[in-house]
Amino acid sequence: MPGEMMGAKMVQCDCGFMVQSHNENEIVKMAQMHVKDTHKSDLSMRDARAMMKPAMMMR
Ligand SMILES: [Zn+2]
């Protein structure tokens, strides 16, 4: 899929945890798992997506 290469996204939690991937569904899943395991809380898919930002690659 052309164009997919540059589309990395990331989610950063308040605690410093960060997940970065080209796959949005994977990020949502990882973020939900993190919040459940670490914060004993639930993160909705909607909230996870709201936290999502384009990943800034190091220059
Ligand atoms: Zn966290």
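Just above, that's the structure.
Residues numbered from 1 in each chain as written. Predicted model: local features only at pLDDT ≥ 70, side-chain atom pairs only at ≥ 80, totals over all residues. Heavy atoms only, no water.

Visitor: Could you give me a rundown of the coordination of the zinc ion, with the residues and numbers involved?
Guide: Taken together, the protein ligands of the zinc ion are Cys 13 (SG), Cys 15 (SG), His 34 (NE2) and His 39 (NE2), with distances of 1.9 to 2.3 Å. Considering all four donor atoms around the zinc ion, the spread of angles at the metal, 104 to 119°, places the coordination shape in the tetrahedral class. Sequence spacing of the donors to the zinc ion: C-x1-C-x18-H-x4-H. You can see Cys 15 sitting in the loop between strand S1 (9-12) and strand S2 (18-21) and its partner His 39 sitting in helix H1 (residues 24-39), a full 24 residues away along the chain. (Donors = N, O, S within 2.8 Å, 3.2 Å for Na, K, Ca; no water. Tetrahedral: all angles 85-135°; square planar, octahedral: opposite > 155°, others 65-115°. Helix = DSSP H or I, 4+ residues; strand = E, 2+ residues; numbered from the N terminus.)

Visitor: For the pairing of S1, give the residues involved together with the corresponding values.
Guide: Strand direction decides the pairing type here: S1 and S2, joined by four bridges, are antiparallel. The residue bridging Gln 12 from the neighbouring strand is Met 18, located in S2. Examined bridge by bridge, S1 and strand S3 (residues 53-54) share two bridges and lie antiparallel to one another. In the strand pairing of S3, Lys 9 is matched with Pro 54. (Pairing = 2+ DSSP bridges.)

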